[in-house]
Amino acid sequence: AAAGPERPQVVSHVQQALSYTVFDCKWVPRSARLLCLGSAARGTGLVQLYELHGARLELLREIEKPKPIKCGTFGATSLQQRYLATGDFDGNLNIWNLEAPEIPVYSVKGHKEIINSIDGVGGLGIGEGAPEIVTGSRDGTVKVWDPRQNDTPVANMEPVQGESKRDCWTVAFGNAYNQEERVVCAGYDNGDIKLFDLKTMSLRWETNIKNGVCSVEFDRKDINMNKLVATSLEGKFHVFDMRTQHPTKGFASISEKAQKSTIWQVRHLPQNRDIFMTSGGSGSLHLWKYEYPAQRTKKDSEGSEMGVAGSVSLLQNVTLSTQPISSLDWSPDKKGLCVCGAFDQTVRVLIVTKLNKI
């Protein structure tokens, strides 16, 4: 790890106890506000909107919905509207105007079972092309939605005939660097990772990391695919170099055993794509830096290009909770500002220092 005084510190700035189970938390873009999404004791869904005032969080609004809410994204909305898309326990995809949240601005029964994961692209001025939302569900399907089109998904990735359906735990967009190109990466409970090319509507690559895939994220959505991190049930994460795809070996990767328990989430720092944070089942956060190799490609004996994986170093780790930290979000606007939600029914705002020194 980096030398003592120059090491980033992870400081717990505000802690807020909640009276419900929080599944996801998100910064509202261009604001000092954050959202907590979850499930109330009586089985309904809750959205709470907080504003950060110095060292305290002020509750601005609480919205109750019929079904528990599992996940949310702002990724497909404009900065003017800042609409929140959510996936719930009943398989519904809803888009909410937080200023008038009584009725969703868009709603579709997207899946037969719980929506475990959601991601958006094409909004917030990030990523070219149409605003799209991807949902991954326990029903085994991954679907891509354009909120401007009603009811039917623009893409539906489901198991082929005879293939058993696997619980999809995580989805993420990537490669959205122009109007045409776009991929979706999905991770499943049996360790499968699949990369779907939305331009050609085909499966571009797949691998298996032998353990349930809890979280996948590209270091950036709106550039040529560069790196992908996948985290697993058994405390390992894998970093794939996505620049060079070998015809048979696929993408070069390294894996790191971060801890004994599940790594629930990975989130890349919006202001530096080589720094990312993982959150763990032991209530801990680990801050990592990826180092590129001297050369990112080499030729195999056949003369085909193959990628070369780099290495990761641990910058800092901290244990905040006795329960798993299940959600994590960096502020897109203020470097080092971060929010996380844990199963101890607490949301924490963190400040990570010295990020400009590394």
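Analysis parameters
Residue numbers here run from 1 along each chain, matching the order of that chain's written sequence. The predicted origin of the model limits local features to residues at a pLDDT of at least 70 and limits the giving and counting of side-chain atom pairs to 80 or more, whereas totals for whole chains, interfaces and linings rest on all residues. Heavy atoms throughout the structure, all of them, feed into the side-chain values; hydrogens and water do not. Runs of H or I in DSSP of at least four residues are treated as helices and runs of E of at least two as strands, each being numbered from the N terminus. All radius of gyration figures rest on C-alpha atoms, and the globule criterion is 2.2 Å times the number of residues raised to 0.38. Here the term buried applies to any residue with accessible area under 20% of the maximum for its type, exposed to any over 50%, and partly exposed to those in between, with areas from a 1.4 Å probe on protein chains only. Whether two residues are in contact is decided by their heavy atoms, any of which lying within 4.5 Å being enough. Here, Shrake-Rupley sampling with a 1.4 Å probe gives the accessible areas, and only protein chains in the shown set may cover a residue. Asp and Glu count as negative and Lys and Arg as positive, but His and the ends of the chain are not part of the count. Just so you know, the charge point we use is NZ for Lys, CZ for Arg, CG for Asp and CD for Glu. UniProt positions are given in the numbering used here, feature names are shortened, and annotations may be inferred rather than shown by experiment. Paired strands, in this sense, are two strands between which DSSP finds at least two bridges. Note on geometry: axes are C-alpha line fits, over the in-contact stretch for helices, and angles between N-to-C directions span 0 to 180 degrees. Criterion for a salt bridge: a side-chain nitrogen of Lys or Arg within 4 Å of a carboxyl oxygen of Asp or Glu. Exposure above 30% relative accessible area and the absence of a salt bridge qualify a residue for a patch, where like charges join within 9 Å and nonpolar side chains (Val, Leu, Ile, Met, Phe, Trp, Tyr) within 5 Å.

Points about the overall build of the protein chain
When you go through the protein chain residue by residue, the secondary structure sums to 0 helices and 30 strands. Over its C-alpha atoms the protein chain spans a radius of gyration of 19 Å, differing by no more than 12% from the 21 Å that the globule rule assigns to 358 residues. Across its three principal axes, the protein chain shows a C-alpha extent of roughly 60 × 55 × 35 Å. Buried positions account for 56% of the 358 residues belonging to the protein chain. The long-range fraction of contacts in the protein chain, counting pairs at least 24 apart against all pairs at least 6 apart in sequence, stands at 50%. Split by element, the accessible area of the protein chain, about 15,000 Å² in all, is 46% carbon and sulfur. Of note, the protein chain has its 42 positive side-chain charges centred 4 Å away from the centre of its 40 negative side-chain charges.

So, the UniProt feature "repeat: WD" (unreviewed entry) in the protein chain
The UniProt entry lists residues 133-155 under the feature "repeat: WD" (unreviewed entry), expressed in the numbering used here. The span residues 133-155 carries 0% helix and 43% strand; its end-to-end C-alpha distance comes to 10 Å.

Quick word on the sheet that holds strand β6 (residues 69-73)
Overall, antiparallel pairing links the 4 strands, which are arranged β6-β7-β8-β9 in an open sheet. Bordering the open sheet on either side are β6 and β9 (106-109), each of which pairs with just one other strand. Between one strand axis and the next, the sheet turns through 20° on average, direction left out of account. Bridge count between strand β8 (residues 92-96) and β9: 4 bridges; the pairing is antiparallel. Within the sheet, the bridge partner assigned to L93 lies in β9 and is V108.

Considering the pattern of salt bridges
Inspection of the entire model under this criterion finds 19 salt bridges. The residue D119 makes a salt bridge to K221 at a minimum N-O spacing of 2.8 Å. Here D119, found in strand β10 (residues 115-121), pairs with K221, found in the loop between β18 (213-218) and β19 (227-232); they are 102 residues apart in sequence, far enough to count as distant. Of the residues examined, D119 reaches a relative accessible area of 11% and is grouped as buried.

Concerning a positive patch on the surface
On the surface, a cluster of positive charge is contributed by K210, K236, K257 and K260. Counting through the fold element by element, K210 comes out in the loop between β17 (202-208) and β18.

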